[in-house]
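Take a look at the letters that make up each chain.
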Number of protein chains: 2
Amino acid sequence: MKVMRETIVSTARELFRSRGYAGASMNDLADAVGLKKSSLYVRFPNKEALVPAVLDLTLQETFGQKDLGSRQWDAEFVEVIELIATTLTDRGRCVGLHLAYGTSDETPIAKDAVRAFFQAHRDYLSSILSRAMPVDVARDIATDTLARLEGATAFVAIFGEKDAMKRAVRLSIAEAQKAAAANSLSSPS
Amino acid sequence: MKVMRETIVSTARELFRSRGYAGASMNDLADAVGLKKSSLYVRFPNKEALVPAVLDLTLQETFGQKDLGSRQWDAEFVEVIELIATTLTDRGRCVGLHLAYGTSDETPIAKDAVRAFFQAHRDYLSSILSRAMPVDVARDIATDTLARLEGATAFVAIFGEKDAMKRAVRLSIAEAQKAAAANSLSSPS
DNA sequence: GTCTATATGTCGATAGAC
DNA sequence: GTCTATCGACATATAGAC
């Protein structure tokens with residue numbers, strides 16, 4: 001029976017998230033989706049090609065159906081970082097970060113995909129924030145927010161603690177609103 | 001010629017940092033230190049046993065020769081997080097985090113060592129901060145500081161950017177001083 | 001060096017839908 | 001018949017461990 005591509009990709013994502021790039025084997029993936037290894041190589045030319053597929057799927061699930069700009073900037077900002085934080089807390093690890101650490105110059109396609117993945121996150125947050133503050137400030141706050149969320153994920157992964165993630169969300173929102181307020185003072189609308 | 005244990009451990013650290021637990025092989029380590037693989041197994045019972053050795057060495061290098069309490073709390077806090085930040089920026093990755101993501105229930109000894117590693121970091125920072133604020137506040141700020149540093153490291157690893165790390169250091173210091181000031185108002189010395 | 005397990009990747013054969 | 005998805009066996013390399 002035919003196995004859908006998305007099944008393979010999302011199963012590969014689970015494996016990459018829990019075991020990393022080197023630790024996840026094509027055999028494990030084949031077993032998990034109910035195929036033989038050779039059938040996987042019909043769909044994907046090699047293991048590395050799974051990485052862009054996995055990250056693209058994740059990007060689409062995170063930002064896919066949002067129509068940017070239809071609401072207040074801060075409502076959109078809160079929604080998206082809470083979505084990311086919830087996913088990271090539930091899954092316990094970030095696939096993107098695990099792949100970032102697990103790829104190197106020997107896997108250039110995977111490395112590029114990881115860069116694109118984080119750049120897309122930063123760009124998306126930055127475009128929301130820049131509606132309320134200068135673009136350079138928006139970019140820094142977007143970066144720092146992502147850094148906080150990734151760092152808090154480490155405490156979920158290592159200790160199972162979720163408090164750090166809650167504080168990361170709350171403090172990141174507070175920082176964004178503070179920057180927006182400072183901006184509206186210097187250049188009122 | 002005899003190869004020192006510390007040479008093996010610090011070389012293993014480089015490998016774990018760059019390739020992760022699964023990606024680093026005993027063969028690579030043997031080649032890098034100029035030994036045969038069989039000689040490595042004389043010193044370490046298995047690959048997993050390298051993990052506590054690597055993390056203990058790192059802990060000792062980070063906190064080893066400090067005598068806590070001999071100076072102002074904030075001078076000590078700044079010094080230690082700048083040391084950590086500089087190491088993370090220079091090396092581009094955190095061994096502890098790479099091992100945290102790379103170990104699982106199948107490697108319980110490594111997993112425990114990772115927990116101890118991060119717990120030691122948190123305890124050390126927390127003990128400095130608690131000289132200027134309540135212990136629960138100190139613990140949260142210590143955790144958030146480590147999370148910021150780890151998250152900023154991701155941007156070094158992925159984009160080669162060092163700015164996020166600089167902001168993480170600056171903002172973490174500011175948060176700590178703000179909490180200390182709030183505490184000294186409510187309970188002046 | 002040896003042994004066993006397992007990794008990625010290839011290729012011809014095959015079973016069923018139309 | 002043909003097309004598509006899958007499989008089984010295989011080649012080659014390298015892993016951890018002794």
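Residues numbered from 1 in each chain as written. Chains lettered and ligands numbered in written order. Predicted model: local features only at pLDDT ≥ 70, side-chain atom pairs only at ≥ 80, totals over all residues. Heavy atoms only, no water.

(A) Representation of the packing of helix 8 (residues 135-159) of chain A against helix 8 (residues 135-159) of chain B within the structure. Between helix 8 of chain A and helix 8 of chain B, whose axes approach to 7 Å, the crossing angle comes to 115°. Here helix 8 of chain A is positioned roughly perpendicular relative to helix 8 of chain B, judged by the angle of their axes. Seen along the crossing, helix 8 of chain A lies across helix 8 of chain B with a hand that is right-handed. Together, Thr 143, Leu 146, Ala 147, Arg 148, Glu 150, Gly 151, Ala 152 and Phe 155 of chain A of helix 8 of chain A and Thr 143, Leu 146, Ala 147, Arg 148, Glu 150, Gly 151, Ala 152 and Phe 155 of chain B of helix 8 of chain B make up the contact between the two elements. Class assignment of the residues belonging to the contact of helix 8 of chain A with helix 8 of chain B gives a composition of eight nonpolar, four polar and four charged. (Axes fitted to C-alpha atoms, helices over the stretch in contact; angles between N-to-C directions. Helix = DSSP H or I, 4+ residues; strand = E, 2+ residues; numbered from the N terminus. Parallel < 35°, antiparallel > 145°, perpendicular 65-115°, else oblique. Left-handed = near helix turned anticlockwise from the far one by under 90°. Contact = heavy atoms within 4.5 Å. Nonpolar A, V, L, I, M, F, W, Y, C, P; charged D, E, K, R; others polar.)

(B) Layout of the UniProt feature "domain: HTH tetR-type" (unreviewed entry) in chain A. UniProt records the feature "domain: HTH tetR-type" (unreviewed entry) for residues 2-62 of chain A in the present numbering. Structurally, residues 2-62 of chain A comprises 77% helix and 0% strand, and the distance from its first C-alpha atom to its last is 27 Å. (UniProt positions renumbered as here; feature names shortened; annotations may be inferred.)

(C) Just the relation of the copies chain B and chain A, in detail. For the pair chain B and chain A, the best superposition has an RMSD of 0.1 Å and corresponds to a rotation of 180° with a translation of 0.0 Å parallel to the axis. Accordingly, the operation relating the two chain copies is best matched by a two-fold axis. When each C-alpha of chain B is compared by its distance to the rotation axis, Gly 151 of chain B comes out closest, at 2.1 Å. Looking at the interface residues of chain B, 100% of them are also at the interface in chain A, so both copies use one shared face. (Least-squares fit on C-alpha atoms with pLDDT ≥ 70 in both.)

(D) How the structure looks around the pattern of salt bridges. Enumeration over the complete set of coordinates arrives at 22 salt bridges over all chains. A salt bridge links Glu 61 of chain A to Arg 13 of chain A; the nearest nitrogen and oxygen atoms lie 3.2 Å apart. Separated by 48 residues along the polypeptide, Glu 61 of chain A in helix 4 (residues 50-63) and Arg 13 of chain A in helix 1 (residues 5-23) bring together distant segments of the chain. Given a relative accessible area of 45%, Glu 61 of chain A falls into the partly exposed group. As a salt-bridge pair, Arg 71 of chain A and Glu 79 of chain A come within 3.4 Å of each other at their nearest N and O atoms. Arg 71 of chain A gets classed as partly exposed once you look at its relative accessible area, which sits at 41%. One salt-bridge network, in which partners are shared between bridges, spans Arg 148 and Glu 175 of chain A together with Arg 148 and Glu 175 of chain B. (Salt bridge = Lys/Arg side-chain N within 4 Å of Asp/Glu carboxyl O. Buried < 20%, exposed > 50% of the residue type's maximum accessible area, 1.4 Å probe, protein only.)

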